[in-house]
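Fold and geometry: a report
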Amino acid sequence: DAPVGIEVLLLRRAERGDHNSGAWVFPGGIVDAGDRGGHSVCAGLDDAAASAQLGVPGGGLDYHVAALRECFEECGLLLADDAQGRPLGALDPRLTAWRGPLHRGERHIADLCAEFGLRLAAGRLAYFSHWLTPLGRPKRFDTRFFIGEAPAGQSATHDDNEMVEQQWLRPADALARSDALRLMTPTVKTLETLARFDGVQPL
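Reference entry: report on the structure contained in this document. (Residues numbered from 1 in each chain as written. Predicted model: local features only at pLDDT ≥ 70, side-chain atom pairs only at ≥ 80, totals over all residues. Heavy atoms only, no water.)

1. Quick notes on the nonpolar core
Our working rule: Nonpolar cores are built from buried Ala, Val, Leu, Ile, Met, Phe, Trp, Tyr and Cys residues. Side-chain atoms within 4.5 Å join them into one set. Burial classes: relative accessible area under 20% of the type maximum marks a residue as buried, over 50% as exposed, and values in between as partly exposed (1.4 Å probe, protein chains only). A helix here means a DSSP run of H or I that spans at least four residues, while a strand means a run of E at least two residues long, and both kinds are numbered starting from the N terminus. Only heavy atoms enter the contact rule, under which two residues are in contact if any of them lie within 4.5 Å.
If you look at the biggest cluster of nonpolar residues, it comprises 28 residues, and the most contacted ones within it are F72, L78, L112, L118 and L120. Contributions of two or more residues to this core are made by α1 (47–54), α2 (60–75) and α5 (109–116). Here L118 is in contact with V41, L78, A80, D81, D82, L88, L95, L112 and C113, once residues within four sequence places are set aside. L10, F145, L181 and L183 belong to the second-largest nonpolar core, a separate cluster that totals 15 residues.

Set out below in structure tokens:
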């Protein structure tokens, strides 16, 4: 929530020679094998409830863990609770130093939580949508979108590796600049829905 209404964080992808290069996107990435180990450090949601939410037979919590991990890796926002169960505020520099090792697969998100006594706030993510590329495309994806409120006291910082620039924008403002920002269809449709809300809580 901002004085002008809801703002969303968009990040510009680095130039990698693919069709997504340079596009403005939400934080995200792939589910890693290590994300399954994050189940034990999740708060507010278990795998059975997460799987029912996503309509999968099992492993639904993997997607929530991946979303939280990728958000932390790419823009430095960590939705988690401290040892007393309070939402995590400003991040200790020792904690932010884990972003690189997590991205490179050298450490797992469960290791980070054990080191700092944290619980991933899986229950504070709202499941939003499922996108599956039609058959016949040369490159396909099968992805889930979640919405989470930016933690109070934390500041987003793009990783300057996969993401090279960032902006907080009202959804309507991002849509008005869709051509310049090279927004992909799932991003556009998500922004169109979010533009209908006045605040974060109704989401």
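2. What about the pattern of salt bridges?
The following threshold applies: Salt bridge, as used here: a side-chain nitrogen of Lys or Arg that lies within 4 Å of a carboxyl oxygen of Asp or Glu.
One pass over the structure, following the stated rule, counts 13 salt bridges. With its nearest N and O atoms 2.7 Å apart, the salt bridge here joins R36 to D62. One end of the pair, R36, is in the loop between β2 (24–25) and α1; the other, D62, is in helix α2, with 26 residues separating them in the sequence. Since its relative accessible area comes to 47%, R36 is described here as partly exposed. Taking the shortest distance from any N to any O, the salt bridge between R94 and D92 comes out at 2.8 Å.

3. Examining the layout of surface pockets
Selection rule: Cavity means a closed set of points on a 1 Å grid over the protein atoms alone, one where a 1.4 Å probe fits but cannot get out, pocket means an open set with protein on both sides within 12 Å along at least 5 of 7 lines, and lining means a residue has an atom within 4 Å of a point. Grid points are joined across faces, edges and corners, and a volume is the space filled by probe spheres set on the points. For this scheme, ten residues count as nonpolar: Ala, Val, Leu, Ile, Met, Phe, Trp, Tyr, Cys and Pro. Four count as charged, namely Asp, Glu, Lys and Arg, and the remainder, Gly too, count as polar.
Considered as a void within the structure, the second largest pocket measures approximately 270 Å³ in volume. Lining the second largest pocket are 14 residues, and of these R124, G148, E149, V200 and Q201 sit closest to its centre. Its residues placed into classes, the lining of the second largest pocket shows 10 nonpolar, two polar and two charged.

4. Overview of the packing of aromatic side chains
How two aromatic rings sit relative to each other is given by the distance of their centres and the angle of their planes. Where we set the bar: Each pair of aromatic rings taken from Phe, Tyr and Trp, with Trp reduced to its six-membered ring, is defined by centres within 6.5 Å and is described as stacked if the planes are under 30 degrees apart, edge-to-face if over 60, and tilted in the remaining cases. Ring-over charges, as used throughout, are those where CZ of Arg or NZ of Lys falls within 6 Å of the ring centre and within 35 degrees of the ring normal.
Throughout the structure, instances matching the rule amount to three aromatic pairs. Measuring from ring centre to ring centre gives 6.2 Å for W98 and F116, while their planes differ by 75°; the resulting arrangement is edge-to-face. Taken as a pair, W98 in the loop between α3 (93–96) and α4 (99–103) and F116 in helix α5 lie far apart in primary sequence, 18 residues in all. According to the relative accessible area criterion, F116 is partly exposed, its value standing at 23%. Ring centres 5.5 Å apart and planes at 50° place the aromatic pair Y127 and F146 in the tilted group. Here Y127 is found in strand β5 (residues 126–132), whereas its partner F146 is found in strand β6 (residues 142–147), with 19 residues between them in sequence. By relative accessible area, Y127 is classed as partly exposed at 24%. Exposure remark for F146: the relative accessible area of 18% places this residue in the buried category. We note R144 situated over the ring of Y63; from NZ or CZ to the ring centre the distance is 5.3 Å.

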